[in-house]
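Below, each chain spelled out in residue letters.
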Amino acid sequence: MNPKLPLLHQALLGGAIALASCGDDTIEPSAPEPIAFAAPGSLTQASGKGTFRFGAASAATQIEDQNPNTDWAVFTAPVASGGLGKGKAPVGDASKGYSLALEDVGLLAELSLDSYRFSVEWARVEPARDQIDEAALDHYSQLIDALLARGIRPVITVHHFSNPVWVHDPRDVDCAAGMPTDSNLCGLGHPVGGPLVIEEARQHAALLAARFGDRVDDWGTVNEPVNYLLAAYGVGSFPPGKAYLFPPSAEGLLDQFVPVVRDYLKLHGAVYQAIRDNDTTDADGDGRAADIGLSLSVASWAPAQNNQPSEAAEDLRARDAIEYVYHYLFVDSIRTGTFDADLDGTPDEQLPEILGTMDWLGVQYYFRAGVTGTNGLIPVLDLTPCFAQFDFGA
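Residues numbered from 1 in each chain as written. Predicted model: local features only at pLDDT ≥ 70, side-chain atom pairs only at ≥ 80, totals over all residues. Heavy atoms only, no water.

Participant: Outline the side chain of His-160, listing residues and values.
Facilitator: With respect to the secondary-structure elements, His-160 resides in the loop between strand S3 (153-159) and helix H7 (193-212). Reaching out from His-160, the side chain makes a polar contact with the side chain of Asn-223 at a distance of 3.0 Å. The contact partners of His-160, leaving out residues within four places of it in the chain, are Ser-58, Ala-59, Arg-117, Ser-119 and Asn-223. (Helix = DSSP H or I, 4+ residues; strand = E, 2+ residues; numbered from the N terminus. Polar contact = N/O pair within 3.5 Å; in protein donor to acceptor, adjacent residues only side chain to side chain. Contact = heavy atoms within 4.5 Å.)

The following block contains the structure:
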């Protein structure tokens, strides 16, 4: 451009040159070539090799309205309404995924999905201990029928981040009565309440498998167990709101948090066996009545120090340690029927009831983050991760 021309003139001239270079002809983009995918198939049988599923997943509390009996409802409700006022906003009506469930199936079909993983809200089916809401079961039955009518395969997650309030009431998170009651079982990790929660989850899974197993063959026991346990019992950002990892101490990790992990492994095993015992119909004709697994969150952990990549020995060790706990602890326990209670990498307990209770493993990848072994925030593991809003130098 001529530096002597006023800026406005230069801009107009530049625009004219650009228009001239574009020409008057409009070029229509060519239609993309269709992408061919294999048809859906079995998750576990040889016939499923090379098959493909295009699907979506949701959690009941994440999307459903009319859901006052879940722990998330009281955890997030305003204090003035009798809740704890935690989280970014009350759960409320979410996206009205309960009242609009059948209409939403049409949206799934418009997306050409052939699979939909959803959770059946335990708090809706059993709002009070041992009281079953048949209308809720009928709702989910209609949802399954609607999915199948549109050629969409249902996949049910039994436990996806939410509980009935009576499992562990966030308003009485320390279990003031000292012992479980029908209104508060005191939750996972409690020496008396933990086994009760496991048994109640087993009964819930058995009910779902008996009612829906004639149409559902694919089941998930739990979703992202490490994420759930860290949020609900490690840092208190999920209900019930326990924060056993803060302030950091070996006692908090090994004596309080690890028993929660052990109980959740047992819960997974109990749910698996309940489905196996009660879903006896091979709905899809692949030779198996039920394929049962779980989904695991994974991350790319990078050794770091002072917010920079690091090859220091302590940071490489920290990377290996967090990968073990985050990626392998839960799954290895299921594969071997053991449990590493002191988190040293070597199993020291036998849990035969969970051995082999996994037909498939789902992997959900979300992020890459740093981890350092310098000034370890997490005791025993002696490491500090950079996770979500927490950044302590990794």
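Participant: Break down the pattern of salt bridges for me, citing the residues and quoting the values.
Facilitator: The full count for this structure, using the stated rule, is 19 salt bridges. As a salt-bridge pair, Asp-169 and Arg-171 come within 3.0 Å of each other at their nearest N and O atoms. Exposure remark for Asp-169: the relative accessible area of 11% places this residue in the buried category. Overall, the relative accessible area of 46% leaves Arg-171 in the partly exposed class. Shared partners join several salt bridges into a network, and the residues in it are Arg-53, Arg-153, Asp-218 and Asp-284. (Salt bridge = Lys/Arg side-chain N within 4 Å of Asp/Glu carboxyl O. Buried < 20%, exposed > 50% of the residue type's maximum accessible area, 1.4 Å probe, protein only.)

Participant: I'd love a proper account of the side chain of His-204, names of residues and values included.
Facilitator: Within the secondary structure, His-204 sits in helix H7. Ignoring anything within four residues of it in the chain, the contact list for His-204 reads Val-120, Trp-122, Val-125 and Val-158.

Participant: How would you summarise the packing of aromatic side chains if you had to cite specific residues and measurements?
Facilitator: Inspection of the entire model under this criterion finds 14 aromatic pairs. Note on Trp-72 and Phe-75: the rings are 5.9 Å apart at their centroids and 80° apart in plane angle, and the pair reads as edge-to-face. Placement of both Trp-72 and Phe-75 in helix H3 (residues 71-76) is noted, with a separation of three residues, approximately one turn of the helix. Plain terms: the ring middles of Phe-161 and Tyr-228 are 5.8 Å apart, the flat faces sit at 15° to each other, and that makes the pair stacked. Of this pair, Phe-161 sits in the loop between S3 and H7 while Tyr-228 sits in helix H8 (residues 225-234), placing them 67 residues apart in sequence. Exposure remark for Phe-161: the relative accessible area of 15% places this residue in the buried category. Residue classification places Tyr-228 among the buried positions, given a relative accessible area of 1%. (Phe/Tyr/Trp six-rings, centres within 6.5 Å; stacked < 30°, edge-to-face > 60°.)

Participant: Got a sec to walk through the nonpolar core? Specific residues and values, please.
Facilitator: Counting residues in hydrophobic clusters, the biggest one holds 90 residues, and the most contacted among them are Phe-118, Phe-212, Trp-219, Leu-267 and Ile-275. With 13 residues, the top contributor of residues to this core is helix H9 (residues 250-278). (Core = buried A, V, L, I, M, F, W, Y, C linked by side-chain atoms within 4.5 Å.)

Participant: Which residues make up a nonpolar patch on the surface, and what values go with them?
Facilitator: Taken together, the side chains of Ile-35, Phe-37, Phe-52 and Phe-54 make up a nonpolar region of the molecular surface, amounting to roughly 440 Å² of accessible area. For Phe-37, a relative accessible area of 54% translates into the label exposed. (Patch = residues over 30% accessible without salt bridge, like charges linked within 9 Å, V, L, I, M, F, W, Y side chains within 5 Å. Areas by Shrake-Rupley, 256 points an atom, 1.4 Å probe, with all protein chains shown as cover.)

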